[in-house]
Amino acid sequence: MGDQMQVIVEKLNQEPFRKNYNLISFDSLEPLQLLQLLSDVLGEIDPKHAVDIREELPEQTAKRMLNLLGILKYKPPGTVSDLSAFRQGLVTGSKAVIHPVLHWLLQRTNELRTRAYLARFLVRLEVPAEFLQDDTVADFNKQYEELMEAFKNLHKEHEQLKISGLSTAEIRRDISAMEEEKDQLAKRVERLKKRVETVQNHQRMLEIARQLRLEKEREESLAQQKQEQKSQLFHTEQRLQRAQVQLKEMQHMVADSKPESLMKKLEEEINFNSYLVNEKIPREMESKKTSVYFLQKLVAEPAMTQADLSALESEIEEVTAQINQLIEKRIITYEPADSKFSMYRQQASIISRKKEAKAEELQAAKEEMSSLEKQVEQRNSQAHGLGGSEVLTEDEFKQYVSRLRSKNTLYKRRRQEVAEITAEYGILQRTEELLRQRHQATQQQLQAIEEKKGISGYSYTQEELERVSAVKSEMDEVKGQTLDNMSEMVKKLNAMVAEKKASLAPVIKELRQLRQTCQELTQECEEKKMQYDSCAAGLETNRSALEQEVKGLLEECAQEESNYRYINCMRRSLEVQLQRAREEMKAYVSPKPQERRRALREQYTRIILEQENLGKKLREKQKVVRESHGPNMKQMKMWQDFEKLMECKRECFLKQQNQAAIGQIIQEGGKDRLVL
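Within every chain, residues take consecutive numbers counted from 1 along the sequence as written. Selection of residues for local features in this predicted model requires a pLDDT of at least 70, selection of side-chain atom pairs for listing and counting requires 80 or more, and totals for whole chains, interfaces and linings are taken over all residues. To obtain the side-chain values, all non-hydrogen atoms of the structure were included, while hydrogens and water were left out.

The name that an unreviewed UniProt entry assigns to the chain is Intraflagellar transport protein 81 homolog, with the source organism given as Zonotrichia albicollis. UniProt, in the comment section headed Sequence similarities (unreviewed entry), describes the chain in these words: "Belongs to the IFT81 family." You can read under Subcellular location (unreviewed entry) in the UniProt record for the chain the words "Cytoplasm, Cytoskeleton, Cilium basal body". UniProt positions are given in the numbering used here, feature names are shortened, and annotations may be inferred rather than shown by experiment.

Below, the structure written as structure tokens:
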């Protein structure tokens, strides 16, 4: 309860409430203030509930709060299971009702605010069936449900957009950048059009360029198709290799495996699982239950001090010493026959421990094997996703290494050839520069001659036409070669597929027989598994019944133990009180005056006499004060009047001194003079 109040106070002191409460001030709130605080919290969740409860009736307040709590799906705790009692506590402002509600609301304010917002639109209006028979009402109800579904979809899209992180500002910036880029491209197109219009025969040249672009696009598409067909061929070969590897593995498994070996493996697995179910898991469950019982017992006990801990430690040491003594006595009193049995017992315990250790190692190995298989599957899937192949075997890896070596030698030879070609390319590049310079000089001379003759641009147009025709003829040759290569490749693929089918036909027949055998074994395994499941179910029911019985006995034992502790504590307290009463009686009856003085009766009698004497003195003093009250008040009034009179005289004296200090009036010769 204290932790609950601490959480409530911390939440109320934060935004948006800022109540500045502490535990004492919050605990001292009146029921009406608690109800107003609950209404404020509900108003923060749903603004419609931000009202002053003094302006509405208590029943209206309770109804309003109960409706909102029902929408928010609040369930009263176990101590307020009765709804009428919960409603009554909500009307009266009971702390036992309002504190859990505040704790539940303040811990999930944002979630409840969203739920209250959605409830305004998603709480269905219950329409009676007789009204739904009217077509108009039914249409409106259907439209209402459709709008509700549309609102749900829009809200989901809104939440997804909020989570996705896209903002309108970024989208606007992208749109503006794209528009600027579009304007720049339009301007560039206009400039290029203006430049092209000045050239002679620009329409024909544009048409030729368009045809060239189309041919290049077609060439790219054909190259892409060729690449796709190559990749398909590569993937087909990989699938074929994987199928061959799987076939080899299946043949190896079929050659090595027999029904007896499979049954033996199944029996070993059944024995291992039965050991786990019948011995290991029940033992582990029993140990876990024991530890849980002791932990619950420890939690149920009150907090222990250092003295209690030291007492428990001493008790543990004593019990340990007793156990050691008993063990020594048992060892001493053993007879020779018992020693033989002890040897067998030790061997059996050692064997059971080894069995448990091996079972744990086997379980760990199985888990490790399953994790490694999962990792292998993940690696294979990643390799497939990246376009790679399966993991290579040892022979395949050796072949791969030999291929790498041959490729390395080929790479070195090609690299030397590339170096030679690079040197020759430098020479040819220099020759090309010289020829280009000569060509430019010749072109200038030719243009000058064409300008003189009045046919400028003729040579350029002639060269361009020849170049385009040459490119077209090359493209036609390439297309023809590509189509021939594709047809040859398709024929080869068909021949390879037919050959592989013919080679796989006997293997497929054998595989069918093996599948039939596997189905029979699987059916037999299923029957054995059903028998095992029925037996395990019977044992499970017996175990559950025994667990219930043990649980009931443990609870009864715990209850009896708590009753015993309570009665023991009461007995000790009564013994202490009885001992104190005996000591008091002994001191009171004792003839010795010192012991009688120690008795509580004598002490309280003496204290009573002292208090009575003090009361008499105070009453006499009160009487004297009461008799002298009138004259004393009269004398005090006279002194006050005297004080006022003396204060008045002092003020008058001060005024006279101030006037004398300002100046003097002197009369001389019938004239008055003021001397400062």
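For helices the rule is a DSSP run of H or I covering at least 4 residues; for strands it is a run of E covering at least 2, with both sets numbered from the N terminus onward. For the chain, the helix and strand inventory stands at 19 helices and 2 strands. With a 1.4 Å probe rolled over the protein chains alone, any residue whose accessible area is under 20% of its type maximum counts as buried; one over 50% counts as exposed, and the rest are partly exposed. The 676 residues of the chain split such that 12% are buried. Here, residues are in contact when the closest pair of their heavy atoms is within 4.5 Å. Sequence-distant contacts in the chain: of pairs separated by 6 or more residues, those separated by 24 or more amount to 56%. Summing over all exposed atoms, the chain offers an accessible surface of approximately 56400 Å²; the carbon and sulfur share of this is 56%. In these tables, accessible area is a Shrake-Rupley quantity obtained with a 1.4 Å probe, and a residue counts as shielded only by the protein chains included in the view.

Buried Ala, Val, Leu, Ile, Met, Phe, Trp, Tyr and Cys residues that are joined via side-chain atoms within 4.5 Å together make up what is termed a nonpolar core. Formed by 32 residues in total, the largest nonpolar core has its most connected members in L12, F26, L38, L72, L102 and L105. In contact with L72, other than residues within four places in its own chain, are I45, W104, L105, L112, R115 and A116.

Moving on to a negative patch on the surface. Each patch is built from salt-bridge-free residues with over 30% relative accessible area, joining like charges within 9 Å and nonpolar side chains (Val, Leu, Ile, Met, Phe, Trp, Tyr) within 5 Å. Any Lys or Arg side-chain nitrogen located within 4 Å of an Asp or Glu carboxyl oxygen qualifies as a salt bridge. Note on charges: Lys and Arg go in the positive column, Asp and Glu in the negative column, and His and the chain ends are not counted at all. By convention, the point assigned to a charge is CZ for Arg, NZ for Lys, CD for Glu and CG for Asp. On the surface, E313, E315, E317 and E318 cluster together to form a negatively charged patch. Taking relative accessible area as the criterion, E317 reaches 58% and is therefore assigned exposed.

On the surface, L125, V127, F131 and L132 cluster together to form a nonpolar patch covering roughly 360 Å² of accessible area. The residue V127 is located in the loop between helix 7 (109–122) and helix 8 (129–132) in this model. Judged by relative accessible area, V127 falls into the partly exposed class, the value being 32%.

By secondary structure assignment, the location of N141 is in helix 9 (residues 135–164). Ignoring anything within four residues of it in the chain, the contact list for N141 reads V127 and L132.

Moving on: the pattern of salt bridges. Counted according to the given criterion, the structure contains 14 salt bridges. Here E44 and R113 are joined by a salt bridge, their closest N and O atoms 3.6 Å apart. With a gap of 69 residues between them, E44 in helix 3 (residues 31–45) and R113 in helix 7 connect regions that are remote in the sequence. A residue is classified by how much of its surface remains accessible, and E44, at 29% relative accessible area, is partly exposed. On the basis of relative accessibility, which here comes to 30%, the residue R113 falls in the partly exposed class. Between K289 and E547 there is a salt bridge; the shortest N-O distance is 3.0 Å. Of this pair, K289 sits in helix 12 (residues 259–300) while E547 sits in helix 16 (residues 458–589), placing them 258 residues apart in sequence. Residue K289 is classed as partly exposed on the basis of its relative accessible area of 37%. Given the relative accessible area of 25%, E547 is considered partly exposed. Connected through shared salt-bridge partners, K289, E540, R543 and E547 make up one network.

So, on to the packing of aromatic side chains. Side-chain rings of Phe, Tyr and Trp (the six-membered ring for Trp) are treated as a pair once their centres are within 6.5 Å; stacked means planes under 30 degrees apart, edge-to-face means over 60, and tilted covers the remaining angles. For the coordinates displayed, the defined rule picks out 1 aromatic pair. Judged by centre distance (5.9 Å) and plane angle (85°), the ring pair of W639 and F642 falls under edge-to-face. Pair noted here: W639 and F642 are both in helix 19 (residues 629–662), with a separation of 3 residues, about one helical turn. Given the relative accessible area of 55%, W639 is considered exposed. Look at F642 and you get partly exposed, because its relative accessible area is 43%.

For the rest of this paragraph, the subject is helix 5 (residues 83–92). The α-helix advances 3.6 residues per turn, and as a result positions three or four apart in sequence lie on the same side. For helix 5, the full list of buried residues reads F86, G89 and L90. Taken down its axis, helix 5 places every buried residue within 100° of arc, on the same side. The elements touched by buried residues of helix 5 are helix 3, helix 4 (58–71) and helix 6 (95–107). Backbone geometry just after helix 5 places G93 at a positive phi near 75°. Arc definition: it is the arc formed by the directions from the helix axis to the C-beta atoms.

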